[in-house]
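Fold and contact review
As a plain string of letters, each chain reads:
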Amino acid sequence: MAETTGDLSFEVLSGEAIGPILDDLARLRLAVFRAYPYLYDGDAAYERKYLASYASSPGAMVLIARTGAGEIVGAATAAPLGDHQPQLSEVFAAQGIDPAEVFYLGESVLLPAYRGRGVGHRFFDAREEAGRSQGYAVAAFCGVVRPADHPARPGSYAPLDGFWTKRGYERIDGLVSHMRWRDIGESGETEKPMQFWMRRLD
């Protein structure tokens, strides 16, 4: 069921309903994650294959934001941790956290023209509620760690740490995974540290 706020409407999708929007999700990820701090130089074929995991996970959900004209301009994803990327479960288990209790918040992508309207809170609210409704104890997400003096860091860049903290999330020292992708301007993939943040859902 869709809900409308201002000139955007929001709809939660799951299962087979996610399939028809995979190309739109891929387009959004490629556009949003190309900017700092991700600097992601990806391709649509890989994106579609990666995002298909949400369509095949019984506990996964996608909240999409559409304009009045029907264009998808934002999306937020979530899934049981074990259904998303198995290697992430190993990172949690190594820190004494039961992966079966974790609802993983994946992408939260919104085109720049639609930011500053509270959509980020809407994305978190919907995913946290989905986790609670399925009985998960905690919600967690990760963000790339870049050095403060990274040459591609814009002078206007503002980290989202404050926003995440206000949402009740805590940066968990030592809870770090690593992912590989090609940065803009790189000839090949390199490994990046991904710091996890968590909050309880009860």
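My aim in this report is to walk through the structure given alongside it, one point at a time. (Residues numbered from 1 in each chain as written. Predicted model: local features only at pLDDT ≥ 70, side-chain atom pairs only at ≥ 80, totals over all residues. Heavy atoms only, no water.)

So, the overall build of the protein chain
- The secondary structure content of the protein chain amounts to six helices and eight strands.
- Seen in sequence order, the protein chain has helices and strands lined up from the N terminus as β-β-α-α-β-β-α-α-β-α-β-α-β-β.
- Computed over its C-alpha atoms, the radius of gyration of the protein chain comes to 16 Å, within 12% of the 17 Å expected for a compact globule of 202 residues.
- In the protein chain, which comprises 202 residues, the share counted as buried stands at 46%.
- Measuring between centres, the 21 positive side-chain charges of the protein chain sit 4 Å from its 27 negative side-chain charges. (Helix = DSSP H or I, 4+ residues; strand = E, 2+ residues; numbered from the N terminus. Rg over C-alpha atoms; globule rule 2.2 N^0.38 Å. Buried < 20%, exposed > 50% of the residue type's maximum accessible area, 1.4 Å probe, protein only. Lys, Arg positive; Asp, Glu negative; His and termini not counted. Charge placed at Lys NZ, Arg CZ, Asp CG, Glu CD.)

A word on the environment of Trp164
- Looking at the element boundaries, Trp164 is found in helix 6 (residues 161–166).
- Among the residues examined, Trp164 registers a relative accessible area of 15% and is labelled buried.
- Between the C-alpha atoms of Trp164 and Trp197, which are 33 residues apart in sequence, the distance is 8.3 Å.
- Excluding residues that lie within four positions of it along the chain, Trp164 makes contacts with Phe124, Phe141, Tyr169 and Trp197. (Contact = heavy atoms within 4.5 Å.)

A closer look at the packing of aromatic side chains
- Applying the stated criterion to the full structure yields 16 aromatic pairs.
- Taking 6.4 Å as the distance between ring centres and 5° as the angle between the ring planes, the aromatic pair formed by Phe141 and Trp197 counts as stacked. Linking Phe141 in strand 6 (residues 138–144) with Trp197 in strand 8 (residues 190–200), this pair joins segments that are 56 residues apart in sequence. Grouping residues by exposure puts Phe141 and Trp197 together as buried.
- Three or more aromatic residues joined by ring pairs form one cluster here, namely Phe124, Phe141, Phe163, Trp164, Tyr169 and Trp197.
- Here the guanidinium or amino end of Arg122 rests over the ring plane of Phe10, the centre of that ring lying 4.3 Å away.
- A cation over an aromatic ring shows up here: Arg127 above the ring of Phe124, its NZ or CZ 4.8 Å from the ring centre. (Phe/Tyr/Trp six-rings, centres within 6.5 Å; stacked < 30°, edge-to-face > 60°. Lys NZ or Arg CZ within 6 Å of the ring centre and 35° of its normal.)

Quick notes on the nonpolar core
- One finds Leu25, Phe92, Leu105, Phe123, Tyr169 and Phe196 to be the most contacted residues of the largest nonpolar core, which totals 64 residues.
- Beyond its immediate stretch of four places on either side in the chain, Phe92 contacts Leu81, Ile97, Pro99, Val102, Ala140, Leu175, Phe196 and Met198. (Core = buried A, V, L, I, M, F, W, Y, C linked by side-chain atoms within 4.5 Å.)

As for the pairing of strand 4 (residues 72–80)
- Within strand 4, nine of the nine residues are buried, which leaves it mostly tucked inside the rest of the structure.
- Judged from the six bridges that link them, strand 3 (residues 61–67) and strand 4 form a sheet pairing that is antiparallel. Looking at the pairing, Val62 lines up with Thr77 of strand 4.
- Bridging between strand 4 and strand 5 (residues 102–110) involves six bridges; their strand directions are antiparallel. Considered in strand 5, the bridge of Pro80 is made with Phe103. (Pairing = 2+ DSSP bridges.)

Concerning the packing of helix 1 (residues 22–32) against helix 2 (residues 44–56)
- Between helix 1 and helix 2, whose axes approach to 9 Å, the crossing angle comes to 120°. The chirality of how helix 1 crosses helix 2 is right-handed. Contacts from Leu22, Asp23, Leu25, Ala26, Arg29 and Leu30 in helix 1 reach Ala44, Glu47, Arg48, Tyr50, Leu51 and Ala52 in helix 2.
- For the contact of helix 1 with helix 2, the residue count by class is eight nonpolar, no polar and four charged. (Axes fitted to C-alpha atoms, helices over the stretch in contact; angles between N-to-C directions. Left-handed = near helix turned anticlockwise from the far one by under 90°. Nonpolar A, V, L, I, M, F, W, Y, C, P; charged D, E, K, R; others polar.)

Points about the pattern of salt bridges
- All told, the structure shown has 17 salt bridges when counted by the stated rule.
- As a salt-bridge pair, Glu128 and Arg167 come within 2.9 Å of each other at their nearest N and O atoms. Of this pair, Glu128 sits in helix 5 (residues 119–133) while Arg167 is found in the loop between helix 6 and strand 7 (170–181), placing the two residues 39 residues apart along the sequence. The exposure classification of Glu128 matches that of Arg167, with both residues buried.
- Note that Lys192 and Glu186 form a salt bridge whose closest N and O atoms lie 3.8 Å from each other.
- For Glu186, a relative accessible area of 28% puts it in the partly exposed group.
- In the salt-bridge network here, residues are joined through shared partners; they are Asp125, Glu128, Arg167 and Arg199. (Salt bridge = Lys/Arg side-chain N within 4 Å of Asp/Glu carboxyl O.)

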